[in-house]
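Examination of the molecular architecture
One-letter residues, chain by chain:
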Amino acid sequence: MSEDLRIGRRGFLGGGLTAVAAASVGGASEALAQQPAKPLPAYVGWKDPNAMIVHSDQTLEMKRELFGSSLITPEDRLFVRNNVKAPPDSIAADRDGWRVEFEGVKQPKTLTVGELKRMGVVTVATVLQCSGNGRKYFMDKLTGDQKMSGTPWTVGASGCVIWSGVPLKTVIDALGGQFAGVKYITGTGGEEIPAGLNAKDIVVERSVPLSNLDNVILAWEMNGKPLPVAHGGPLRMIVPGYSGVNNVKYVKTVALTAAQTEARIQSANYRYHSITEKPSPDQPAVWEQPVKSWITSPLAGQKAGQVQITGLALGGMNALAGVDVSIDGGKTWKKAKFVGPDLGRFAWRLFVLPAMLQPGEYTLVSRARDAKGHVQPEDVALNGSGYGYNGWRGPAVKITVA
Ligand SMILES: Nc1nc2c(c(=O)[nH]1)N[C@H]1C(S)=C(S)[C@@H](COP(=O)(O)O)O[C@H]1N2
Ligand SMILES: [Mo]
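Heads up: these notes are all about the structure in this document. (Residues numbered from 1 in each chain as written. Chains lettered and ligands numbered in written order. Predicted model: local features only at pLDDT ≥ 70, side-chain atom pairs only at ≥ 80, totals over all residues. Heavy atoms only, no water.)

This next bit is on the site of ligand 1. Taken together, 21 residues lie around ligand 1, and Phe79, Asn83, Glu191, His231 and Lys249 are the ones closest in. In the model, an oxygen atom of ligand 1 is placed 2.7 Å from a nitrogen or oxygen of the Phe79 main chain. In the environment of ligand 1, a nitrogen atom lies 3.0 Å from a nitrogen or oxygen atom belonging to the backbone of Asn247. Protein burial of ligand 1: of its 530 Å² of free accessible surface, 100% is covered by the chains. Of all the cavities here, the one that holds ligand 1 is the largest cavity. Classifying every residue of the shell around ligand 1 by side-chain character gives eleven nonpolar, six polar and four charged. (Near = heavy atom within 4 Å. Polar contact = N/O pair within 3.5 Å; in protein donor to acceptor, adjacent residues only side chain to side chain. Areas by Shrake-Rupley, 256 points an atom, 1.4 Å probe, with all protein chains shown as cover. 1 Å grid on protein atoms, 1.4 Å probe; cavity = no way out; pocket = protein on both sides within 12 Å on 5 of 7 lines; lining within 4 Å. Sits in = over half its atoms within 2 Å of the grid points. Nonpolar A, V, L, I, M, F, W, Y, C, P; charged D, E, K, R; others polar.)

The relation between two aromatic rings is expressed through the spacing of the ring centres and the mutual angle of the planes. Here the structure, examined in full by the defined rule, presents ten aromatic pairs. Ring centres of Tyr137 and Tyr389 lie 5.3 Å apart, and the angle between their planes is 55°; on these two criteria the pair is classed as tilted. Taken as a pair, Tyr137 in helix H4 (residues 135-139) and Tyr389 in the loop between strand S20 (360-370) and strand S21 (397-401) lie far apart in primary sequence, 252 residues in all. For the pair Tyr137 and Tyr389, a shared accessibility class is recorded, and that class is buried. Relative to Tyr389, the ring of Phe138 has its centre 5.1 Å away and its plane inclined at 80°; by these criteria the two rings are edge-to-face. With Phe138 in helix H4 and Tyr389 in the loop between S20 and S21, this pair connects stretches of sequence that are 251 residues apart. Take Phe138 and Tyr389: they sit in the same class, and that class is buried. Following the ring pairs from residue to residue traces out a cluster consisting of Phe67, Trp294 and Trp348. (Phe/Tyr/Trp six-rings, centres within 6.5 Å; stacked < 30°, edge-to-face > 60°. Helix = DSSP H or I, 4+ residues; strand = E, 2+ residues; numbered from the N terminus. Buried < 20%, exposed > 50% of the residue type's maximum accessible area, 1.4 Å probe, protein only.)

Below, the structure written as structure tokens:
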């Protein structure tokens with residue numbers, strides 16, 4: 001499609017949708033309502049412009065009203081987050097030729113994606129969610145001279161997608177297995193480090209505990225299609241249950257290591273620290289996702305009568321046990337029903353609660369429970385970088401029923 005056509009279509013539909021979005025989100029997401037329609041950056045020009053909130057070239061959020069009632073997030077709506085500039089599409093000119101170095105195994109070796117494809121294939125549905133999803137709800141609580149940097153994501157830095165790839169364990173076993181004393185799986189992203197900059201400050205290199213070895217896959221496909229470069233193609237390290245940053249895109253090295261990488265993105269960033277502390281490697285790393293849910297519909301005014309209150313819930317590492325929904329801001333709760341397929345503990349589930357709503361004001365919230373007994377808290381204490389928000393209060397939806 002020509003650039004002119006795209007702009008024309010965006011200008012026409014985009015203008016219309018902005019008005020609809022503003023009317024439909026009500027109090028749920030002021031950021032969304034006020035968002036001026038920024039154009040999609042070129043490298044994700046194939047995304048649905050009406051689905052995305054463009055925070056910046058590196059941070060695109062999916063609009064909340066588009067979660068809908070389909071379990072799987074289409075790739076043209078899935079959020080995008082790049083810590084450094086995304087590599088050019090040309091890295092996927094020869095997808096099967098993409099090379100990955102395997103280190104920290106008995107027989108270190110470089111394998112191509114083509115070779116990996118012959119070694120094994122599994123599919124897994126996971127929730128891909130930025131560690132900072134919900135940061136807006138922390139920011140809303142800042143007082144005095146408290147400051148927090150980062151993207152003010154609400155709920156849309158998340159999606160549920162299906163990955164296909166080879167289990168990392170299969171590859172490690174084929175390369176002679178691991179050494180004693182290894183504690184982490186360390187994946188390195190394939191972005192080029194600009195000359196003159198310190199690689200440790202820039203490289204997207206993440207270490208996760210070796211306990212994930214049976215879960216990690218090296219994926220070349222997402223939702224049944226070759227993995228777009230914007231989402232990590234030709235090959236991505238998927239750590240099911242772990243937050244976004246641990247899922248290293250365009251992975252070029254996978255190493256079993258005794259220690260965590262000293263890359264800044266592991267040692268100083270993505271640490272849970274208080275608002276007054278500086279981040280440091282002694283603080284807990286942002287790894288496993290906590291149990292979480294939010295309402296997806298309705299997000300705006302309704303006519304009195306029967307309404308289907310829908311939402312989605314994720315258990316992080318664990319299966320979900322149930323979801324409660326409240327229409328009075330958490331004073332009273334009712335059990336919601338899961339709907340649609342269960343794609344495993346790393347996927348999210350959709351839920352519904354039918355309700356008869358009389359005219360009045362309502363605050364819709366949901367509270368999920370996982371199979372290990374973790375319950376979504378009402379709110380989450382501030383942490384300095386705004387990671388891991390899983391409170392039920394933040395994403396509350398206020399609606400008027402007339
Ligand atoms: N190589 C590489 N991998 C990366 C990143 C990156 O910038 N480079 N960003 C991480 C972060 S912070 C997130 S939230 C997810 C975003 O994945 P997506 O852009 O496919 O939605 O990728 C993670 N993996
Ligand atoms: Mo992220």
